[in-house]
Amino acid sequence: MFEYEMHQIRSAELIRQADEHRRARAALAGRKARRAERSSTAMDAEGPVSTGGPRRSGFARTA
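Let us look at the overall build of the protein. Summing up its helical and strand segments, the protein has one helix and zero strands in all. Every one of the 63 residues in the protein was classed for burial, and the buried ones make up 0%. Accessible surface computed for the protein: about 6600 Å², of which carbon and sulfur atoms make up 57%.

Okay, structure coming up:
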């Protein structure tokens, strides 16, 4: 009887750990999804970025 109770306790502990691990992974995935959503909306709102710097000359360089 004692071994059966120990088995039940151990089983309950493993189930609790698995549930905790599952919740942690879900929270991490949710954080990543929110971060990706924020960065994609920021990029969409900003649009293409141009540096406005000097452009290369259209003529070939001489040696």
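Summed over the entire model, instances satisfying the criterion amount to four salt bridges. A salt bridge links Arg-16 to Glu-20, with the shortest nitrogen-to-oxygen separation between them at 3.0 Å. Of the two residues, Arg-16 and Glu-20 are both situated in helix H1 (residues 2-46); the distance of four residues between them amounts to about one turn of the helix. Its relative accessible area of 42% is what places Arg-16 among the partly exposed residues. Accessibility expressed as a relative area gives 44% for Glu-20, which makes it partly exposed. Note that Arg-22 is salt-bridged to Asp-19, the shortest N-O span being 3.5 Å.

On the surface, Phe-2, Met-6 and Ile-9 cluster together to form a nonpolar patch covering roughly 350 Å² of accessible area. On the secondary structure map, Met-6 appears in helix H1.

The rules behind each value
Residues numbered from 1 in each chain as written. Predicted model: local features only at pLDDT ≥ 70, side-chain atom pairs only at ≥ 80, totals over all residues. Heavy atoms only, no water. Helix = DSSP H or I, 4+ residues; strand = E, 2+ residues; numbered from the N terminus. Buried < 20%, exposed > 50% of the residue type's maximum accessible area, 1.4 Å probe, protein only. Areas by Shrake-Rupley, 256 points an atom, 1.4 Å probe, with all protein chains shown as cover. Salt bridge = Lys/Arg side-chain N within 4 Å of Asp/Glu carboxyl O. Patch = residues over 30% accessible without salt bridge, like charges linked within 9 Å, V, L, I, M, F, W, Y side chains within 5 Å.

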